[in-house]
Amino acid sequence: MRAALAVALLAGCATAAPADKAREGLAVLAVAGQRADLALAHEYQRRAPAALDAANSFADYTDKMAALNAAVDALRVFRMALMAAEASVDASDAEGLLPAMGCVAEAARRMASAFDAARVSLPASFAKAIAGLPPLPACGVSDAR
Amino acid sequence: MPDSATIKAIAALIAALVNLVSDIAGGKKEDVPKRISAIWMQNRSEILRADAEAKARNRFKA
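The structure contained in this document is the topic of the report that follows. Just so it is clear, the model here is predicted, and its values are computed rather than measured.

A separate point is the overall build of chain B. A tally of helices and strands in chain B yields 3 helices and 0 strands. Per-residue burial for chain B yields a buried fraction of 34% across its 62 residues.

Structure below.
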C-alpha cells in the first residue's frame, strides 16, 4: 500500500518537510554522481584517441575501450536509479522510495567496481555519500525488513 | 499506512539523506538545486563515448 511520505515519517522523524529533506539528500548524491561523470569524461578524452590510433578495427577499438564503456554504462544506471528515487519522492510514494534507494545503493556499488576496473578514480565525495546511506532493501525488493 | 518497520526504515533513510547534506554539502543546501535534472542534466561521458565511437566507425569504414 502506498502512503504519503509526510504521513509515513511522522512516527519516525518529526521534520516539517521530509520530502524536501529527501530531495536535498538526493541532490547531494546527484552532485557526487556528476563529479564522477566529469572524472570519467576526462579519462575518456585522454584514452579514446590513443585507443583509436592503436586499433586495427572497430571491434578492436571497442575492445580496448571496454572497461571505460562499462563504467559509462554503470554511471548511466546510477543516474537512472537516482531519478527513479526522485520520482518516488515526487509521488509521495514512501514505500517505493526504499527499494528505489536500494537500487541507488546497488548501482553505486556496481559503479565503484566498474570505475575500479577501468582504473578511474571516483571522487572521494561519491564514496562518502554512498557510505552515508543506511541499510536498504535489495534493488527491486519492497520489504525493508 | 505502512507498517512500523517500514516507517522506521524510511525515517532512517531520510535522516541519512539529511546527514549527507550537512556532511558532504557542508550544509550549503541553498546553493544546490533540488532537482536532479537541474544538477546533472546529461552524462558527459556518454556523449564522449558516442562521439568517439562515431569517429572509430568512420575510420574503419574507409
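Counting residues in hydrophobic clusters, the biggest one holds 59 residues, and the most contacted among them are Leu29, Tyr44, Tyr61, Phe78, Leu82, Met101 and Leu133 of chain A. By residue number, the principal contributor to this core is helix α2 (residues 18–54) of chain A, which donates 15 residues. With residues up to four places along the chain from it excluded, the contact list for Tyr44 of chain A reads Pro49, Tyr61, Met65, Leu68, Asn69 and Val72 of chain A together with Leu48, Arg49 and Ala52 of chain B.

As a further point, take the interface of chain A and chain B. With 64 residues of chain A at the interface, the matching set in chain B holds 44 residues. Carbon and sulfur atoms make up 72% of the area that chain A and chain B hide from each other, which totals about 4,900 Å². Remark: the boundary between chain A and chain B carries 5 salt bridges. A salt bridge links Glu86 of chain A to Arg35 of chain B; its shortest N-O distance comes to 3.5 Å. Applying the counting rule to chain A against chain B returns 14 residue pairs in polar contact (both at pLDDT 80 or more). Here the residues of the side of chain A that touches chain B sort into 39 nonpolar, 11 polar and 14 charged.

Here we take up the packing of helix α4 (residues 66–90) of chain A against helix α3 (residues 44–61) of chain B. The N-to-C vectors of α4 of chain A and α3 of chain B enclose an angle of 140°; their axes lie 10 Å apart at closest approach. Accordingly, the angle class assigned to the pair α4 of chain A and α3 of chain B is oblique. The interaxial crossing formed by α4 of chain A with α3 of chain B has left-handed handedness. Across the interface between the two elements, Asn69, Val72, Asp73, Leu75 and Arg76 of chain A of α4 of chain A pack against Ser45, Glu46, Arg49 and Glu53 of chain B of α3 of chain B.

Turning to the packing of α2 of chain A against α3 of chain B, a few remarks are in order. Axes are the key here: two packed helices are described by the angle between their axes and the distance separating the axes. Viewed as axis vectors pointing N to C, α2 of chain A and α3 of chain B meet at an angle of 10°, and their least axial separation amounts to 8 Å. Judged by the angle between their axes, α2 of chain A and α3 of chain B are roughly parallel. Counting all contacts with α2 of chain A, which are made through Asp37, Leu38, Leu40, Ala41, Tyr44, Gln45, Ala48, Leu52 and Asp53 of chain A, the residues of α3 of chain B involved are Arg44, Ser45, Leu48, Arg49, Ala52, Lys55, Ala56, Arg59 and Phe60 of chain B. The residue makeup of the contact of α2 of chain A with α3 of chain B, split by class, is 10 nonpolar, 2 polar and 6 charged.

Turning next to the environment of Lys128 of chain A. Looking at the element boundaries, Lys128 of chain A is found in helix α6 (residues 124–131). Considering only alpha carbons, one finds Lys128 of chain A and Asp53 of chain A, 75 residues apart in sequence, at a separation of 37 Å.

Our next topic: the state of the cysteines. Here, the word disulfide means a covalent bond between the sulfur atoms of two cysteines. Residues and elements named next belong to chain A. All told, the structure shown has 1 disulfide over all chains when counted by the stated rule. A disulfide bridge connects Cys103 with Cys139, and the sulfur atoms are separated by 2.0 Å. The sign of the 90° torsion about the S-S bond sets the Cys103-Cys139 disulfide as right-handed. Separated by 36 residues along the polypeptide, Cys103 in helix α5 (residues 94–117) and Cys139 in the segment after α6 bring together distant segments of the chain. Residue Cys139 is classed as partly exposed on the basis of its relative accessible area of 34%.

About the cut-offs
Residues numbered from 1 in each chain as written. Chains lettered and ligands numbered in written order. Predicted model: local features only at pLDDT ≥ 70, side-chain atom pairs only at ≥ 80, totals over all residues. Heavy atoms only, no water. Helix = DSSP H or I, 4+ residues; strand = E, 2+ residues; numbered from the N terminus. Buried < 20%, exposed > 50% of the residue type's maximum accessible area, 1.4 Å probe, protein only. Core = buried A, V, L, I, M, F, W, Y, C linked by side-chain atoms within 4.5 Å. Contact = heavy atoms within 4.5 Å. Buried area = accessible area lost by both parts, 1.4 Å probe. Salt bridge = Lys/Arg side-chain N within 4 Å of Asp/Glu carboxyl O. Polar contact = N/O pair within 3.5 Å; in protein donor to acceptor, adjacent residues only side chain to side chain. Nonpolar A, V, L, I, M, F, W, Y, C, P; charged D, E, K, R; others polar. Axes fitted to C-alpha atoms, helices over the stretch in contact; angles between N-to-C directions. Parallel < 35°, antiparallel > 145°, perpendicular 65-115°, else oblique. Left-handed = near helix turned anticlockwise from the far one by under 90°. Disulfide = S-S within 2.5 Å.

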